[in-house]
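# Working through the structure, step by step
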Amino acid sequence: MQQEKLQELLADMSLPEKIGQLVQLSGEFFQSKDISYGPLQKLGISQETIDLAGSVLNVTGAHATKQLQDQQMAKQPHHIPVMFMADVIYGFKTVFPIPLGLGATWNPDLIRQAFRTAGNEAAASGNHVSFAPMVDVTHDPRWGRTLESPGEDALLNSRMSAAMVTGFQTDLADKAGQVSCVKHFAAYGGVESGREYNSADMSLSNLYQNYLPPYKAAVDAGCGMVMTSLSTLNGVPGTADKWLLQDVLKKRWGFDGILISDYSSVYELVKHGFAADDRDSAMKAINAGIDIDMKSPIYANELQGLVEDGSLSEDKINQACWRVLELKNKLGLFENPYFGTSEEAEKKINLTVDKRALARKVAAESLVLLQNKNDVLPLTGTEKVALIGPYADEKSLTGMWAVHSDPADCVTIKEALQEVLGERLTYSKGTDISRDKEKLRGLGFLTDKMITQVVADDVTEQKHHDEALKNAQAADVVVYAVGEHSFEAGEAGSKTNLHLPDNQVNLLNDLHGLGKKIVLVNISGRPLVLSNVTDKTDAIIQAWFPGTEGGHAIADVILGKVSPSGRLSMAFPYTEGQEPLYYAHLSTGRPQDGSQHVGRFVSRYIDAPTAPLYAFGYGLSYAQVDYGDIQLEKGQLKAEDTLKFSIEVTNSSDWEQKETVQVYFHDDVASLVQPVKRLVDFKKVVLAPHSKQIVTFAIPAVHFSFYDNQGESILEPGTFHLFVGTNSEDVTSVEFEIRQ
Ligand code: BGC
């Protein structure tokens, strides 16, 4: 539609119609004879609000969306199409690993392809906007939503963020992509003590340096929408933070797309004690810049009154409504309200062989080999393998947020290993994911009946246990697949105990007693505490929730089809008490190494190591890769210069190896204390067997700046240390200087 026509449309719309465009409701509000969403008016909104709603949350499927589109357009006075928005967070029907695993690939190009694929599938099923990427940097794995984040680091998350947005939006012009909605603005990942919906309180320097960059990367990559956070930042709820939404996002970063609140967060402003009543909530949210109110009655019930009594100018509503109409117009919905929706396309493009192959590749790159004593892995494929454990033949490999997929489409570890090992593989469940009914009840999703399906009776459990030991006894190697329940991670999955469940550890102890080689495969949505299992196992593979093709990817690594190349996107703690634990912590006056104080009076714990069990960036491979010295082109540069350097990386093995060369730095002296190390660049290179490669970098000096507490980026002259290596701890270093 021409801009003038769109303006005419806006001018012709009534106030309730315009407000309707700012209201998003979920599927259950819309009645239809074929779609049984049911008449749920529990929000206290009128039928007119439902009829005029401008967008719909989490209804997908070509049939359902087309029908709902027809129904809503018929009801709207100007027949304005609705926009369908959904949580397509790491795949649609073909599910990729959880974002924490995607971060562990350190391969933004690959992730761009994954998101393009997810966008293609979601578009065919009628969806227009995806509520992703979620790029909240997090330092605390107690937070359940760690699962949805690419990790603990601003740069890694920023690169992933840009790749995800670009991937989603690549095929938009062909009606085969998704408008990307980055979330949750801002610093939701910084919630204190990892407790869900808690508040974040931090210096502006920390905010700008560590939390804001990934959202900015999404904005720079052209994301069409931004979702605010349910949490508060420095005392202000994300949904009403005028400074954040107006000054930072719009003015400073130039974002001109749509701002949407998170689920019911406008309504929650009263609960926060930030608004006096619903009317006040509406005022605060619209004045902060929220265009669409997701799943709350506030805009629907309050905005009209505020305009009519002169408290709010109609122009505010017009501006927000215009942004919504503009996006609908950009998508071409006025001409073709179905966008890329098609039942045929849906059948043809979902879960194709190619998409599964991509999911397998991504999953294999996300796996992190944490331990491999005496090169127990890879297996040759001739061993007798006892596959044991609650995740050995489990289809739930997609994690909590893969809400549009069917677990039945997942390839289990057993199915995949059997393809290669055939008769040489035995299987036994060994034990349940959890035997703790109270804990399972606390997850909030499982009915008592479902719990009895998760927790076997004692006789069955004993049978599984005995069978596991018998199979292990007869095998050369045990593959033990364990982990947390998929509902333990994800939204509202915060927890304080990050150990594997006792029943899983008890069985491991019994298996260890048999003296067999043990390969532990850990399925989890967060870093777990594995310090109590390292000495009972020979190899450990961190497998996240690896997605639809997870079983194949795990088998590919176990059997040496690929050499693992995943590197941790978040540190694994030695114990929960170390959290929040992250590599880029500030220098202290009494570092454990290098202080004039010895023994007690240094920055450390008296009962645990200071360092993590596995550091950020860590991961083993089958290949032997060695790093040479850093070759700096010039050791002194000016602020406008670029630091150029290279490093020789040697693969002296028979394996082809993907190696992530990680570059960190430390600003030796600054007017604000700086992190001991900060990631400033990385490259994932492919090393042929028995080859050397000179990996080169060119980093503009401004990238060695830091943010002050006014949010200004400053580059202070002086000496710096550059670190290059295979993870945040194993590095070689060199000094350089930036001069005025
Ligand atoms: C989550 C968002 C999500 C929204 C819609 C909220 O509970 O915080 O991440 O996009 O629901 O499903």
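Now for a look at the structure at hand. This one's a predicted model, so the numbers in the text were calculated from it and none came from an experiment.

For the chain, the helix and strand inventory stands at 22 helices and 26 strands. Compactness check: the chain gives a C-alpha radius of gyration of 26 Å against a globular reference of 27 Å for 740 residues, within 12% of the reference. The principal-axis extents of the C-alpha atoms in the chain amount to approximately 75 × 70 × 45 Å. Counting across all 740 residues of the chain, residues that qualify as buried make up 60%. For the chain, contacts bridging at least 24 residues in sequence account for 78% of all contacts bridging at least 6. Put simply, the chain shows about 27,300 Å² of open surface, and 48% of that area lies on carbon and sulfur atoms. Of the charged side chains in the chain, 67 are positive and 96 negative; the average position of the first set lies 2 Å away from that of the second.

Attention now goes to the site of the ligand. Lining the immediate environment of the ligand, one finds 13 residues, of which Asp 87, Arg 145, His 184, Asp 262 and Glu 491 sit closest. A distance of 2.7 Å is found between an oxygen atom of the ligand and a side-chain nitrogen or oxygen belonging to Arg 145. Contact between the ligand and Asp 262: an oxygen atom at 2.5 Å from a side-chain N or O atom of the residue. Looking at the shell around the ligand, its residues break down into six nonpolar, two polar and five charged.

Another aspect to go through is helix α20 (residues 458-473). The end-to-end C-alpha distance of α20, which contains 16 residues, comes to 22 Å, matching closely the 22 Å that a straight helix rising 1.5 Å per residue would cover. Taken as a whole, α20 has its buried residues at Glu 461, His 464, His 465, Ala 468, Asn 471 and Ala 472. Projected onto a plane normal to the axis of α20, the buried residues spread over an arc of 135 degrees and lie on a single side. Opposite the packed face of α20, turned more than 90 degrees from it, sit the exposed residues Val 459, Lys 463 and Lys 470. In this structure, the buried residues of α20 make contact with β12 (385-388), β13 (425-428), β14 (477-483) and α21 (502-513). Between the side-chain oxygen of the N-cap and the backbone nitrogen of Val 459 there are 3.0 Å, and the N-cap of α20 in question is Asp 457.

Quick look at the sheet that holds strand β18 (residues 636-638) now. Read across the sheet, five strands follow the order β18-β26-β25-β20-β21 without closing on themselves; strand pairing throughout is mixed. The open sheet has two edge strands with one neighbour each: β18 and β21 (678-687). Neighbour-to-neighbour, the strand axes of the sheet open up by a mean angle of 30 degrees, direction not taken into account. As paired strands, strand β20 (residues 657-667) and β21 are joined by nine bridges and run antiparallel to one another. The residue bridging Phe 665 from the neighbouring strand is Arg 678, located in β21.

A separate point is the pattern of salt bridges. Under the defined criterion, the tally for this structure stands at 36 salt bridges. Among the salt bridges present, the one from Asp 280 reaches Lys 284, with a minimum N-O distance of 3.1 Å. Of this pair, Asp 280 and Lys 284 are both found in helix α12 (residues 278-288), four residues apart, which corresponds to roughly one turn of the helix. On the basis of relative accessibility, which here comes to 29%, the residue Lys 284 falls in the partly exposed class. One salt bridge in this structure joins Asp 432 and Lys 429, with 3.3 Å as the shortest N-O distance. Residue classification places Lys 429 among the partly exposed positions, given a relative accessible area of 23%. Residues participating in the shared-partner salt-bridge network are Lys 429, Asp 432, Arg 435, Asp 458 and Glu 461.

The element strand β25 (residues 718-725) is extensively covered by neighbouring structure, given that six of its eight residues are classed as buried. Where β20 and β25 come together, six bridges link them in antiparallel fashion. What sits directly across from Phe 665, in β25, is Leu 722. Judged from the eight bridges that link them, β25 and strand β26 (residues 731-739) form a sheet pairing that is antiparallel. Directly across from Phe 723, in β26, lies its bridge partner Ser 733. A loop of five residues connects β25 with β26, the two strands running antiparallel in sequence.

What follows concerns the packing of aromatic side chains. All chains considered together, the criterion is met by 22 aromatic pairs. Measuring from ring centre to ring centre gives 5.4 Å for Trp 106 and Phe 616, while their planes differ by 50 degrees; the resulting arrangement is tilted. On the criterion of sequence distance, the pair formed by Trp 106 in the loop between α5 (99-105) and α6 (108-124) and Phe 616 in the loop between α22 (550-558) and β17 (625-632) is long-range, its members being 510 residues apart. Since its relative accessible area comes to 1%, Trp 106 is described here as buried. When the ring of Tyr 583 is compared with that of Phe 616, the centres are 4.6 Å apart and the planes differ by 10 degrees; the resulting orientation is stacked. On the criterion of sequence distance, the pair formed by Tyr 583 in the loop between α22 and β17 and Phe 616 in the loop between α22 and β17 is long-range, its members being 33 residues apart. What makes Tyr 583 buried here is its relative accessible area of 10%. Residue classification places Phe 616 among the buried positions, given a relative accessible area of 1%. Lying over the aromatic face of Tyr 338, Lys 66 brings its terminal NZ or CZ to 5.4 Å of the ring centre.

Relative to the helices and strands, Gln 624 is located in the loop between α22 and β17. Residues within four places of Gln 624 in sequence aside, it is in contact with Thr 650, Asn 651, Ser 652 and Ser 653. Within the structure, the side chain of Gln 624 is placed 3.1 Å from the side chain of Asp 626, a separation counted as a polar contact.

With that settled, the discussion passes to the sheet that holds strand β10 (residues 293-294). Pairing in this open sheet of eight strands is parallel, and the strands run β9-β6-β5-β4-β3-β2-β1-β10 from one edge to the other. Because the sheet does not close on itself, it has two edges, and the strands there are β9 (258-260) and β10. Direction of pairing for strand β1 (residues 23-26) relative to strand β2 (residues 55-57): parallel, over a ladder of three bridges. Paired with Leu 25 across the bridge in β2 is Val 56. Its contacts with the sheet place helix α9 (residues 213-220) against β5 (179-185) and β6 (225-228), and it is angled at close to 160 degrees to β5.

Quick notes on the rules
- Per-chain numbering applies: the sequence of each chain, read as written, is numbered from 1 onward.
- Local features in a predicted model are, by the rule used here, given only for residues with pLDDT of at least 70; side-chain atom pairs are given and counted only at 80 or more, and totals for whole chains, interfaces and linings are based on all residues.
- Processing note: side-chain calculations cover all non-hydrogen atoms of the structure and skip hydrogens and water entirely.
- The way it works is that DSSP assigns letters per residue, a run of H or I at least four long becomes a helix, a run of E at least two long becomes a strand, and they are numbered from the N terminus.
- Note on method: radius of gyration uses C-alpha positions; expected globular size equals 2.2 Å times residues raised to 0.38.
- Accessibility here uses a 1.4 Å probe with only protein chains present; expressed as a share of the type maximum, an area under 20% marks a residue as buried, one over 50% as exposed, and anything in between as partly exposed.
- Note on definitions: a residue-residue contact is assigned when non-hydrogen atoms from the two residues lie within 4.5 Å.
- Where accessible areas are quoted, they stem from the Shrake-Rupley method and a 1.4 Å probe; at the residue level, only the protein chains shown are allowed to cover.
- We count Lys and Arg on the positive side and Asp and Glu on the negative side, and we leave His and both chain ends out.
- Charge coordinates come from a single atom per side chain, which is NZ of Lys, CZ of Arg, CG of Asp or CD of Glu.
- When we say a residue is near a molecule or strand, we mean one of its heavy atoms is within 4 Å of it.
- In protein, a polar contact requires one atom able to donate a hydrogen and another able to accept it; more generally it is a pair of N or O atoms within 3.5 Å, and residues adjacent in sequence count only if both atoms are side-chain atoms.
- Nonpolar residues are Ala, Val, Leu, Ile, Met, Phe, Trp, Tyr, Cys and Pro. Charged residues are Asp, Glu, Lys and Arg, and all others, Gly as well, are polar.
- Each residue after the first adds 1.5 Å to the expected span of a helix.
- Directions pointing from the helix axis toward each C-beta atom define the arc.
- Think of it this way: DSSP has to see at least two bridges between two strands before they count as a pair.
- Orientation is described by axes fitted as lines to C-alpha atoms, over the contacting stretch for helices, and by angles from 0 to 180 degrees between their N-to-C directions.
- Take a side-chain nitrogen of Lys or Arg and a carboxyl oxygen of Asp or Glu: if they are within 4 Å of each other, that pair is a salt bridge.
- Working definition: a ring pair exists when centres of Phe, Tyr or Trp rings (six-membered ring for Trp) sit within 6.5 Å. Plane angles under 30 degrees give stacked, over 60 give edge-to-face, the rest tilted.
- Distance and angle both matter: a charge sits over a ring if NZ of Lys or CZ of Arg is within 6 Å of the ring centre and within 35 degrees of the ring normal.

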